[in-house]
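# Summary of structural features
The chain contents come next:
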Amino acid sequence: MLPLDLSSAGVWVNNLVFLLIGLGFGAALEQSGFGDSRNLAAQFYLHNMRVLKTMFSAILTACLLLFLSAAMGWLDFSKIFVNQTYLWPGIVGGLIMGVGFVIGGYCPGTSLVSAASLKGDGAMFVAGTLVGAGIFGEVADRIGAFWNGSYTERLLLSDVFGWSLGATVVAVTVLALVFFFAGEKVEEWMATGAAPRWMPANGKYMSAGALALVVALFIWGKGMPSPEEKWEIAGGEWQAQLDQREVFIHPLEYVKTWNDAAVRLVTLDLRDSTAYAAFHLDAARSVTYPGLLDEALVFELDQLPPQGVVVLVSDDEAAALAAWKRLKMQGVSNLYILDQGVKGWGELFAPLQAHHGFDLSRPPARVLEAFPEGTWQAKIKLKTARRAGGLCS
Amino acid sequence: MRAKAYLNPYVGGVILGVVLFASFAITHSGLGASGAISRLQAGVMELLTPGHVDRTGYLAAMGGGTRMAVNHSSIFMLLGTFAGGMLSAWFAGRLKPEIFRGPQVGPGQRLALALLGGTIMGFGARMARGCTSGQALSGGATLSAGSWVFMFAVFAGAYALAYFVRRLWN
Amino acid sequence: MKAPWTWALVAAVAVGALSAGLWLGAGDGTPAPRRFSTAVKTTPVNPLAGRSKPHLDHAAFFPDSIATPQDVTKRCLECHQDAAHEVMQTAHWTWLSGDVMREGHLVRIGKKNLLNNFCISINGNWASCTKCHAGYGWGSADFDFTKQENVDCLVCHDGSAGYSKGKMGLPGEKVDLRASAGSVRMPRRDNCGACHFNGGGGMGVKHGDLDDSLINGSGDNDVHMGRLGFDCVDCHATEEHRIPGKMNATYSDSTRALRMECGDCHGATPHEDAQLNKHVARVACQTCHIPAFARKYPTKMDWDWSQAGDSTRQDDPHAYLRIKGAFIYKDNVVPEYAWYNGKMERYILGDKISGPNQAMNQPLGSRADSRAKIWPFKIHRAKQIYDPVNQVLIPPVTSGEGGFWTKFDWALAARLGMEQAGLPYSGKYAFTDTHMYWPINHMTAPKEKALACTECHSPGGRLDWVALGYTGDPVGGTRHAR
């Protein structure tokens, strides 16, 4: 299942891959005319809407390919890097960039391509970006509170509007098609000076637009695969881990993790509400199996930092495994199951509790010393890197 | 060699979109340029004033201590972008030194304006944590809310100023 | 403009801007709750909302192994040049946090030279007590407080969870200094908690409202740390290593304490109910919002040193230790309440004891003091050693050379201790009762669990109205003019 995992391929393969992708990127930009600042700036004077057309065609194409692959089960979207949202730095930075764009006539990527084709203005622009980035670097620490604020780890348009991913894709497609249409008509008007013909005339463009819309509607109709469907397609990757019980943690490891302030521990108790009310681990939350797909919970788990660890608690191992698969397919990285559940917890700590008298829902860290070394093996291995960091970070 | 025509913008866009998708499919993440440029700058600073790089949080994150700012995948993408642009220009007969400028602007003026525009753009791109490739294209394709807002802000900023600098291009 | 299409584009942009504006301005959709009386409720400011805490990975700055902890500090100071100097101005380094007036003089006091009613005094016992000093090597009265390389950066900034301190504050034997140094970051709860959760000789012993249950804890136990994920430094926001918030310090009028208050985020009218907002002037937020402390782990409430030394009794950290005496631990403790205006009086070395139950510290304030509010306290009671002839409390040597923890000889421990302190000693010792006030500030319960009116305003209520200076419950019955 896409995306590929190149982590075992070695540094040079990785670098080569990035080089090749860059080659395609640069070539596509240059072929589209973005090595020429006049083409780029013309966008803002309305007589050449090339930038709008190319940008939105690119975004639309990639978006449709991404979500079509996801809907067909060929690609796991939860593994795709989504830029973090820093709302106000993005707005302010974007406005500033717009100013730079219309004065200089390029953006960083296109200026590279222009410089590469030996254009003096492109080269000067690249030099400028180096200087500008440098100035920002000096200022960044001082504006840290602003620059690190208005932050959400993973916020999609579908989250903002409360729509499904498919519906959002359709909306984006429609927006792009509207922009294309408007762009054509503006160009026509600017070229002829007269009101443009309203009816779309170019058959090829109409077909392409219709195709895009059909694909988008298909994505919407098909919907994203359910976690169970995703598991059927891609779960094999984790089956070995499950078989070798690598995701089952001993209660003592849970106690140790509890007391590790570096870990952000989220404990989900899958048992029914009566059992939960009778006894539950301190800070555990009651979640039902269908509730695992609750939008609010999925969103919350999406925002967990790399040191976030989710532990599932249940007395029914089959139920815990099903929940594990479901959450894994939703993209939770550090996900574990409390071995033997609440029953095992009670059996392990009850004798100690009888003797020392502590709250069973929160045994103190010193219980770890009451058991000989080798009683439990550490299973929790934190994935410390972000979900594939982006290139501009 | 007579220069070939540019591609139809939609065709170019679709090709660009396929490259973007390939990037996601192969590497988990999209395209980028301003991050690599920032690393280049940090790399130069490492050679000139390593102590300063160590002491400035933004730079240290890329090149502090034993870290090398330019030892990062984005730099390879930057090299590829450059090479791709050059090869494409060569095959299309567009590889020749010149200075593109508006009809009312002289070459010297244009170079100065490019430098100025680039400086402003570089500053804004790092503020936004990405530029049109990293944020607008890549973030836009993955439907990242912040990226879409960013994209509209770029267009808004450019359109807002365009009338006042129209002499530069028209 | 002529063409409608340009307008269309403009309209599209306008629509986009409008949507963005609506989105940004949208509320969270929670319905408004019922109210008894309308009041303007200040919405609390969440300092963590939308904030990302960037982290610079320092591993690249420490490629080689490190021999001594001072080498770590020196390396830190190469970039963070002012850090040691800043720390050295603060109580974490000097162990002097307050002052009192004695005979017209201002006397600086702190853990360095004070007694409490837990392990009593660090004098003579430096090696073990300074395990929690933010520095290296304080093993005697001659510790050089001016040497910057002895500042311990790692105790607050270590991110590896593998850092510990031993005698004289030096790193434990198993500590990998390079790994620890490379892991540094802004302090998290385990950094502060390494000392502040374990004061008094064990987890949860001292404060009552600070213990391990705050790490990955529940929102029921503490709303800010459990539900909202606050770290200590999110409330105790620090500038230049000056950490605000010490409540349990004595400050004379000449010292301004660096503190933060609930109102800094919650405002002056944090309730919707106007009647509740009226309480803010006279009742501390903690009083109603921390109904009990030590809710998960018990805390030490009583310590009888006089029973120490009995080798026939079994050692059990929660009941009796030969070196320390007998204890009483309690959990879910209801606080005791007193007026507190932010300043405390303090018993210091050499003070004559005032009576059979000496107050180690005394919150100042009264009903008549408009700056005072009713605060919740843990009152720790002890029976500790004193000189009945000179009528002073004795700071015994316990863990130090010749101390009670090795010799089990009170006479020796007392003599050595009084010598260390430079106090005249009659040679006779006995045990007297003392009590000490510990303000309760943490383990804030969710608002649904805040005290109900009748918890105080009822015949069996929590407050001793007469002791607080009222003739009776001000609600119901005759009310006197304030």
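Whatever comes next refers back to the structure up there.
Let me sum up the structure you'll find in this document. Here the structure is a predicted model, which is why all the values come from computation and not from measurement.

## Concerning the interface of chain B and chain A
Tallying the contact residues gives 116 residues for chain B and 113 residues for chain A. The set of elements that each furnish at least two residues to the side of chain B that touches chain A consists of α1 (9-27), α2 (34-48), α4 (57-63), α5 (73-91), α6 (107-127), α7 (132-141) and α8 (145-162) of chain B. Considered class by class, the residues forming the side of chain B that touches chain A number 67 nonpolar, 41 polar and eight charged.

## Focus: the pairing of strand β1 (residues 98-102) of chain C
Residues and elements named next belong to chain C. Note: β1 against strand β2 (residues 105-109), five bridges, orientation antiparallel. Paired with Val-100 across the two strands is Val-107, which belongs to β2. Joining the antiparallel neighbours β1 and β2 is a turn of two residues, in which Glu-103 adopts a positive phi near 50°.

## With respect to the sheet that holds strand β7 (residues 335-338) of chain A
All names here are of chain A. Read across the sheet, five strands follow the order β3-β7-β6-β4-β5 without closing on themselves; strand pairing throughout is parallel. Edge positions in the open sheet fall to β3 (248-249) and β5 (284-286), since each of these has one partner strand only. Bridge count for β3 against β7 is two bridges, and the pairing is parallel. Bridging across to β7, Phe-248 finds its partner in Ile-337.

## A few points about the interface of chain B and chain C
With 12 residues of chain B in contact, the opposing surface of chain C contributes eight residues. Those elements giving two or more residues to the side of chain B that touches chain C turn out to be α3 (50-55), α4 and α8 of chain B. Each residue belonging to the side of chain B that touches chain C can be placed in one class, and the counts come to five nonpolar, four polar and three charged.

## Things to note about unusual backbone geometry
The omega torsion across A:Leu2 and A:Pro3 is -5°, close enough to zero to call that bond cis. Tracing the chain through its elements places A:Pro3 in the segment before α1 (11-31). Positive phi values are uncommon outside glycine, yet A:Gln340 reaches one of about 70°. Within the secondary structure, A:Gln340 is located in the loop between β7 and α17 (341-356). Owing to 16 C-beta atoms within 10 Å, A:Gln340 belongs among the partly exposed residues under this scheme. One non-glycine residue with positive phi stands out, namely C:Asn216, at about 50°. By the secondary structure assignment, C:Asn216 is in the loop between α8 (189-196) and α9 (223-227). We classify C:Asn216 as buried; it has 23 C-beta atoms within 10 Å.

Reading guide: rules and limits
- Residues numbered from 1 in each chain as written.
- Chains lettered and ligands numbered in written order.
- Predicted model: local features only at pLDDT ≥ 70, side-chain atom pairs only at ≥ 80, totals over all residues.
- Contact = placed C-beta atoms within 7 Å.
- Helix = DSSP H or I, 4+ residues; strand = E, 2+ residues; numbered from the N terminus.
- Nonpolar A, V, L, I, M, F, W, Y, C, P; charged D, E, K, R; others polar.
- Pairing = 2+ DSSP bridges.
- Buried ≥ 20, exposed ≤ 12 C-beta atoms within 10 Å, placed from the backbone.

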